[in-house]
Each structure stands twice: as C-alpha cells, then as structure tokens.
Amino acid sequence: MPPLRTALLQSSGVLGDVAANLKALDEAAERAAQAGSGLLVTSEMFLTGYALDLDAVPGLAETRDGDSARTVGEIARRHGVAVLYGYPERDGETVYNSAQLIGPDGARLANYRKTHLFGCFEQDAFTPGDTPVVQADLGGIRIGIMICYDVEFPENVRAHALAGTDLLLVPTAQMHPFQFVAEHLVPVRAFENQMYIAYVNRTGPEGEFEFVGLSCLASPDGTTRTRAGRGEEMVLGEVDPELLSASRENNPYLRDRRPGLYASLV
C-alpha cells in the first residue's frame, strides 16, 4: 500500500466569513492535489473562525449535510483530494463543535463532535459529543478524528489505538501558552499509541486568543515527519503503512497492556 501524502493547512481564515474560508479551502485543495496529496486537513472551526461572539454561533452553525458540506464535497471531488474541515454543527436546537471528513469523490465519510470542551466559550457555545471513536477508511488507512483538547486525554487516544486507528486527525485551536502540547505531547501520543497524528492548528491573533501554529504530523516511531512554523502555511507529510506496521511490530505497548489493572480508571 503506498504512503498517503497528507497536507496540513495551518490557517485561521477570515472570522465569521464562511464564503471566504470556502474559497481559501478550494485554493488549498488545488495546491495539495498538485503536490500529490490525497488528504487535506484544516484547523478547528475552519469554516467560521474560532473566536466568534457567543450569539453568532447558532446563526453560523450548519447541519452536517448543509450548504457548506455540499460545497466541500464539490471541492474534494474537483481536486480528487479528501478533506477534513472543522465547523459548528447544528442538529435541531443543539450546536456541536464538529469536524467532517469528505472523501476524494465528494462523499461524506465521517462526522465527529468534540467530546471534551475547553474553557468557558466552548462550554457556553456547544454541547459535548458523546461518541469518542469515529473512524472511516481512506485508501486502506483507518482514519480517526478528534478535535484539539480531546487529544490531551490519554484514554481518548488509547481508545482509538485499540479500535485500530492508523491516522488520527486532530484539527485544533491551540493557543498561547500551551504550545508544549504541539511540541511534545502530540508526538508522545503518537508513539505510545502506535499511530500517526495530524495535528493542525490555527495561527496568529484572533479575538482574545493567540494561536501558536506549530502544526505537525507525528509518527509512531517517535519522530515528527513535518512541522509548521508560527505563520500561515501548508506543510506536507507522508503516512507510510509499511513504517506503521514495522513500528507496531517493534513497539510492545499495546501487547503488554494489562487491562485488568485499570478498572479504577472508569
């Protein structure tokens, strides 16, 4: 199975302007496809921006099969690249902080609702999701999805490891002064759970927040395959099934677990 070239779009887009952000996504998908990528991953709340006024969130929220989902499907199909994008999802009167994976044929493959909400803004604006492991298959690679704060809970990522996730996509809005998460925690999560993790951040000032960039593709062998800086950019990295298989063979963490000792965790 050939490696999956993955494009990480580190961008904050335009706050509150869905049309502008969809245009930027279209342009990024074109660049990613021209670079040979099969997957483009964006940041948390990419479609709308993150630092929204609380009363603006319901009006910007869309259903998982709404207008923006259809537009992203057209973008993915036109460029032949799968797309993972973050957005506020409306389901009846409930709003979630969500991320949706669209296949290269434009089909919706998976939709994930953030399970661990960070800070007062998120807790006031959104309802937490209740499904910790959401997966889809892309070219023989099992994709999992989380959002930002979710990856900081070791039980969350281990659940994905036990479910066979090969590549965990984590759109994020990781802010100062917590850059150690991008620099250190994410690569450790990839190593201890024997998976690739694509951690894709926003960047620059937005409202009261200062996003730190530093998006990365962390590898199961403990290395970081690609790392962005602090500004707007798109970086590329390879998800190699052969490296993943060899690393899992050599690393005994999942084989040496003793679940009977961990009952107190739940």
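Structural notes, computed from the coordinates. Small disclaimer: the values here were computed from a predicted structure and weren't measured. (Residues numbered from 1 in each chain as written. Predicted model: local features only at pLDDT ≥ 70, side-chain atom pairs only at ≥ 80, totals over all residues. Heavy atoms only, no water.)

1. Describing the overall build of the chain
- A count of helices and strands for the chain gives seven helices and 14 strands.
- For a compact globule of 266 residues, the expected C-alpha radius of gyration is about 18 Å, and the chain comes in at 17 Å, within 12% of that figure.
- Taking the principal axes of its C-alpha atoms as reference, the chain extends roughly 50 × 45 × 35 Å.
- Expressed as a percentage of the 266 residues in the chain, the buried residues total 53%. (Helix = DSSP H or I, 4+ residues; strand = E, 2+ residues; numbered from the N terminus. Rg over C-alpha atoms; globule rule 2.2 N^0.38 Å. Buried < 20%, exposed > 50% of the residue type's maximum accessible area, 1.4 Å probe, protein only.)

2. Focus on the sheet that holds strand β14 (residues 233-239)
- A sheet is described by the order of its strands in space; here six strands give the open sequence β5-β4-β3-β2-β1-β14, paired in mixed fashion. Where the open sheet ends on each side, the last strands, each with one partner, are β5 (108-113) and β14. Pairwise comparison of adjacent strand axes, ignoring direction, gives a mean angle of 30° for this sheet.
- Note: strand β1 (residues 4-10) against β14, seven bridges, orientation antiparallel. Along β14, the bridge assignment pairs Arg-5 with Glu-238.
- Sheet strands touched by helix α1 (residues 18-34): β1, β2 (39-41), β3 (82-91) and β14. Its angle to β2, the strand with the most contacts, is close to 140°. (Pairing = 2+ DSSP bridges. Axes fitted to C-alpha atoms, helices over the stretch in contact; angles between N-to-C directions. Contact = heavy atoms within 4.5 Å.)

3. Examining the pattern of salt bridges
- Counting across every chain of the model gives 13 salt bridges.
- A salt bridge links Lys-23 to Glu-27, with the nearest nitrogen and oxygen atoms 2.6 Å apart. Here Lys-23 pairs with Glu-27, and both are found in helix α1, just four residues apart, close to one helical turn.
- Across the pair Asp-26 and Arg-78 runs a salt bridge, and its minimum N-O distance is 2.9 Å. Of this pair, Asp-26 sits in helix α1 while Arg-78 sits in helix α3 (residues 67-79), placing them 52 residues apart in sequence.
- The exposure class assigned to Asp-26 is partly exposed, which follows from its relative accessible area of 24%.
- A cluster of three or more residues bridged by salt bridges with shared partners is formed by Arg-64, Glu-89, Asp-91 and Arg-113. (Salt bridge = Lys/Arg side-chain N within 4 Å of Asp/Glu carboxyl O.)

4. Topic: the pairing of strand β4 (residues 94-102)
- Counted residue by residue, β4 has eight buried out of nine residues, so it is predominantly covered.
- Direction of pairing for β3 relative to β4: antiparallel, over a ladder of nine bridges. In the sheet register, Arg-90 faces β4, and the bridge partner there is Val-95.
- Hairpin connection from β3 to β4: two residues lie between these consecutive antiparallel strands, with Gly-92 at a positive phi of about 65°.

5. Examining the sheet that holds strand β13 (residues 224-227)
- In spatial order, the strands read β6-β7-β8-β9-β12-β13; together these six strands make up an open sheet with mixed pairing. The open sheet terminates on both sides in strands that have one partner only, identified here as β6 (135-138) and β13. When the angles between neighbouring strand axes are averaged without regard to direction, this sheet yields 20°.
- As judged from the three bridges shared by strand β7 (residues 141-145) and strand β8 (residues 167-171), these two strands associate in the parallel manner. Bridge pairing links Ile-143 to Leu-167 in β8.

6. Concerning the nonpolar core
- Counting residues in hydrophobic clusters, the biggest one holds 28 residues, and the most contacted among them are Leu-39, Leu-101, Leu-167 and Leu-169.
- Setting aside residues up to four positions removed in sequence, Leu-101 forms contacts with Leu-39, Val-83, Leu-84, Ala-107, Arg-108, Leu-109, Ala-110, Ala-136, Ile-143, Ile-145 and Leu-169.
- One finds Val-18, Ala-32, Ile-75 and Tyr-85 within the second-largest nonpolar core, a separate group that totals 20 residues. (Core = buried A, V, L, I, M, F, W, Y, C linked by side-chain atoms within 4.5 Å.)

7. Notes on the packing of aromatic side chains
- Evaluated as defined, the whole model comprises 10 aromatic pairs.
- Ring geometry for Tyr-149 against Phe-153: centres 5.0 Å apart, planes inclined by 75°, an arrangement best described as edge-to-face.
- Among the aromatic residues, those joined into a ring-pair cluster are Tyr-50, Phe-121, Phe-126, Phe-209 and Phe-211.
- Positioned above the aromatic ring of Tyr-96, the side-chain terminus of Arg-113 is 4.0 Å from the ring centre. (Phe/Tyr/Trp six-rings, centres within 6.5 Å; stacked < 30°, edge-to-face > 60°. Lys NZ or Arg CZ within 6 Å of the ring centre and 35° of its normal.)

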